[in-house]
Amino acid sequence: MAEVIIVDDADAAGQVAAGLIALELDRHPALVLGVATGSTPNSTYRALAERRPDLSQLTAFALDEYVGLEPRHPQSYAEVLRREFGEPLGVPASRIRLPGQGVAPVDAGAAYERAIVEAGGIDLQILGIGTDGHVGFNEPGSSLASLTRVKTLTEQTRADNARFFDSLDDVPLHCFTQGLGTIRRARALVLLAFGAEKAEAIAGAVEGPVSSSLPGSVIQLHPNVTVIVDEAAAGRLANGDYYRYAWQNRPEWAIDASL
Ligand code: PGA
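Okay, so let's go over this structure.

### Describing the overall build of the chain
For the chain, the count of helices and strands is eight helices and ten strands. With the C-alpha coordinates of the chain rotated into their principal frame, the extents come out at 50 × 40 × 35 Å. Taking all 259 residues of the chain together, the buried fraction comes to 53%. A sequence separation of at least 24 residues applies to 78% of the contacts in the chain between residues at least 6 apart. Accessible surface for the chain amounts to roughly 11700 Å². Of this, 50% is attributable to carbon and sulfur atoms. In the chain, 21 side chains carry a positive charge and 33 a negative one; their mean positions are 5 Å apart.

This is the structure in structure tokens:
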């Protein structure tokens, strides 16, 4: 079962997630970190930057990227990650890998899977979740065994992301995304979600049946998952009281991520 940590807000969640990453970095300075984009991971990146960790040996692998945007386009995930993650944390773009870089789209999936394996695999993958349960750009119906590939974005996801573009027409139709099978291969997963609009997706991911209809439920097939949510996103969890109780009463010798 995933460890579920319910905190007051996104900043508190960022502190806990940054604590987990810092612990991994202590053990393993050449950490391979899977990084997500969107608003969800930003408090984690900010909290990590405050700790001023030594990231000189870290390599980051993005969860996904649009197809067809120039790397310097302000909404390309290469640019978003440079702005939100690389710059504040001092990780140069050369150590932030994204699917589709320098290869034809048709070869991008296999090339990315190879690059992850050559880096030794992803140690810790940060994840957000969509209101429909998607993780990365794995929309409902994505195979639980899928690997990095090109996907067509749903109308809903394009509409959700249109706020970052001048118009809906400017939102790309296609994306590269790590697959759910790729995500399962990471050694540890940290899934973050905030706000009542994520409550149903979180309940489905943590407690619902494992199903490609709710891609986030793939976390139930993984042995090392930490879910960090605010009270609003925890609102539909049947076992919320137990998660609060377990977190408050965690054994002293257990990793204290909130240090
Ligand atoms: P958000 O997106 O972080 O902007 O809420 C998460 C997602 O859709 O995966």
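### Quick notes on the pattern of salt bridges
Taken as a whole and judged by the stated rule, the model has eleven salt bridges. The closest approach of N and O atoms between Arg27 and Glu24, which form a salt bridge, is 2.9 Å. Note that Arg27 and Glu24 are positioned in helix 1 (residues 10–27) at a spacing of three residues, about one turn of the helix. By relative accessible area, which is 53% here, Arg27 ends up exposed. For the salt bridge of Glu155 with Arg158, the shortest nitrogen-to-oxygen distance reads 4.0 Å. Residue Glu155 and its partner Arg158 are both found in helix 5 (residues 155–161); the two are separated by three residues, about one turn of the helix.

### So, the sheet that holds strand 6 (residues 124–127)
The seven strands lie next to each other as 1-10-9-6-2-3-5, forming an open sheet whose pairing is parallel. The open sheet has two edge strands, strand 1 (3–7) and strand 5 (96–97), and neither has a second partner. Together, strand 1, strand 2 (32–35), strand 6, strand 9 (188–193) and strand 10 (225–230) form the strand contacts of helix 1, whose direction differs from that of strand 10 by roughly 160°. Strands in contact with helix 7 (residues 199–207) are strand 1, strand 9 and strand 10; relative to strand 10, the strand with the most contacts, it is inclined by about 155°.

### Notes on the packing of aromatic side chains
Scanning the entire structure with this criterion turns up eight aromatic pairs. Ring centres 4.9 Å apart and planes at 45° place the aromatic pair Tyr66 and Tyr77 in the tilted group. Of this pair, Tyr66 sits in strand 4 (residues 64–66) while Tyr77 sits in helix 3 (residues 77–89); the two residues are eleven residues apart in sequence, bridging distant segments of the chain. The exposure class assigned to Tyr66 is buried, which follows from its relative accessible area of 3%. Judged by centre distance (6.4 Å) and plane angle (45°), the ring pair of Tyr242 and Tyr245 falls under tilted.

### Details of the sheet that holds strand 8 (residues 174–177)
Ordered by their spatial adjacency, three strands build an open sheet running 4-8-7, and the pairing between neighbours is antiparallel. Each having just a single partner strand, strand 4 and strand 7 (149–152) make up the two edges of the open sheet. Averaged over neighbouring strand pairs, the angle between their axes works out to 30° when direction is ignored. Judged from the three bridges that link them, strand 4 and strand 8 form a sheet pairing that is antiparallel. Looking across to strand 8, one finds that Glu65 is bridged to Phe176.

### Considerations on the site of the ligand
Close to the ligand lie Gly38, Ser39, Thr40, Gly128, Ile129, Gly130, His134, Arg163 and Lys198. In the environment of the ligand, an oxygen atom lies 2.5 Å from a nitrogen or oxygen atom belonging to the side chain of Thr40. One of the side-chain N or O atoms of Lys198 is found 2.7 Å from an oxygen atom in the ligand. Against a free-state accessible area of 280 Å², the protein chains account for coverage of 76% of the ligand. When the residues that make up the shell around the ligand are grouped by side-chain class, the tally is one nonpolar, six polar and two charged.

### Regarding the side chain of Asp230
Topologically, Asp230 is positioned in strand 10. Buried within the structure, Asp230 lacks any salt-bridge partner; Lys198 is the closest side chain of opposite charge, at an N-O distance of 9.3 Å. Once you skip the residues sitting within four places of it in the chain, Asp230 turns out to touch Ile6, Val7, Asp8, Asp9, Ala193, Phe194 and Gly195.

### Focus: the packing of helix 2 (residues 42–50) against helix 3
In contact at an axis separation of 9 Å, helix 2 and helix 3 are set at 15° when each is read in the N-to-C sense. It follows from the interaxial angle that helix 2 and helix 3 lie roughly parallel. Crossing hand, helix 2 versus helix 3: left-handed. Every residue of helix 3 that contacts helix 2 at Asn42, Tyr45, Leu48 and Ala49 is listed here: Leu81, Glu84, Phe85, Pro88 and Leu89. Across the contact of helix 2 with helix 3, the residue classes break down as seven nonpolar, one polar and one charged.

Here is what the cut-offs are and how they apply
Residues numbered from 1 in each chain as written. Predicted model: local features only at pLDDT ≥ 70, side-chain atom pairs only at ≥ 80, totals over all residues. Heavy atoms only, no water. Helix = DSSP H or I, 4+ residues; strand = E, 2+ residues; numbered from the N terminus. Buried < 20%, exposed > 50% of the residue type's maximum accessible area, 1.4 Å probe, protein only. Contact = heavy atoms within 4.5 Å. Areas by Shrake-Rupley, 256 points an atom, 1.4 Å probe, with all protein chains shown as cover. Lys, Arg positive; Asp, Glu negative; His and termini not counted. Charge placed at Lys NZ, Arg CZ, Asp CG, Glu CD. Salt bridge = Lys/Arg side-chain N within 4 Å of Asp/Glu carboxyl O. Pairing = 2+ DSSP bridges. Axes fitted to C-alpha atoms, helices over the stretch in contact; angles between N-to-C directions. Phe/Tyr/Trp six-rings, centres within 6.5 Å; stacked < 30°, edge-to-face > 60°. Near = heavy atom within 4 Å. Polar contact = N/O pair within 3.5 Å; in protein donor to acceptor, adjacent residues only side chain to side chain. Nonpolar A, V, L, I, M, F, W, Y, C, P; charged D, E, K, R; others polar. Parallel < 35°, antiparallel > 145°, perpendicular 65-115°, else oblique. Left-handed = near helix turned anticlockwise from the far one by under 90°.

Taken by themselves, the reported measurements are silent on function.
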